[in-house]
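Overview (structure and organization)
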Amino acid sequence: MAAGLLHHVEINVSDLNRSIAFWGWFLEELGYTPFQEWENGTSWKLADTYLVFVQTEERFLDVSYHRSRVGLNHLAFYAESREHVDNITRKLKEKGIKILYEDRHPFAGGKEHYAVFFEDPDRIKVELVAPRID
């Protein structure tokens, strides 16, 4: 085990079933596999890192998430290639998931940064970025 690598990330969600439908296919496209499942949560794992999604308790649902507030801004994942980014972009569009910064896609992160940006059901920004071509 390499010290400093992420062990896991746990995300509280407003609607667990909606988040499972959103994240499941995407994470499995990236090579994650279902890892744990219980009444109020689920997770997917890739190598030694896993992502956990937990249903937020009703008493905490009055304030929604916004990435511009203090806390997590977005999650960025590596793609295999630019073609992988393009394939996921196509699937996102087929699923009706809005592409962020579409007017600058796939270079919204800069001329050397080939990526797709989108949001999960709670508006957490997600990025899939291709390896840099030198």
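The preceding data block contains the structure.
The following paragraphs examine the structure supplied in this document.

Calculation criteria
Residues numbered from 1 in each chain as written. Predicted model: local features only at pLDDT ≥ 70, side-chain atom pairs only at ≥ 80, totals over all residues. Heavy atoms only, no water. Pairing = 2+ DSSP bridges. Helix = DSSP H or I, 4+ residues; strand = E, 2+ residues; numbered from the N terminus. Expected span 1.5 Å × (residues − 1). Bend = angle between axes of the 7 residues up to and from the residue. Buried < 20%, exposed > 50% of the residue type's maximum accessible area, 1.4 Å probe, protein only. Polar contact = N/O pair within 3.5 Å; in protein donor to acceptor, adjacent residues only side chain to side chain.

1. Considerations on the pairing of strand β3 (residues 41-46)
Looking down a regular strand, the side chains alternate between one sheet face and the other. In terms of strand pairing, strand β2 (residues 33-38) meets β3 through 5 bridges, oriented antiparallel. Across the sheet, residue Glu-37 finds its bridge partner in β3, namely Thr-42. Hairpin geometry of β2 and β3 is characterised by an intervening segment of 2 residues between the two adjacent antiparallel strands. Across 6 bridges, β3 lies against strand β4 (residues 49-55) in antiparallel orientation. Of the residues in β4, the one forming a bridge with Leu-46 is Thr-49. Counted along the chain from β3 to the antiparallel partner β4, the turn is 2 residues long, and its residue Ala-47 has a positive phi close to 55°.

2. Focus on helix α1 (residues 16-29)
End to end, α1 covers 20 Å across 14 residues, agreeing with the expected 20 Å (1.5 Å per residue, within 8%). The largest bend along α1 measures about 30° and falls at Trp-23. Buried within α1 are the following residues: Leu-16, Ser-19, Phe-22, Trp-23, Gly-24, Trp-25, Phe-26 and Leu-27. For α1, the N-terminal capping position is held by Asp-15, with its side-chain oxygen 3.2 Å away from the main-chain nitrogen of Asn-17. Just past α1, the residue Gly-31 takes up positive phi, approximately 100°.

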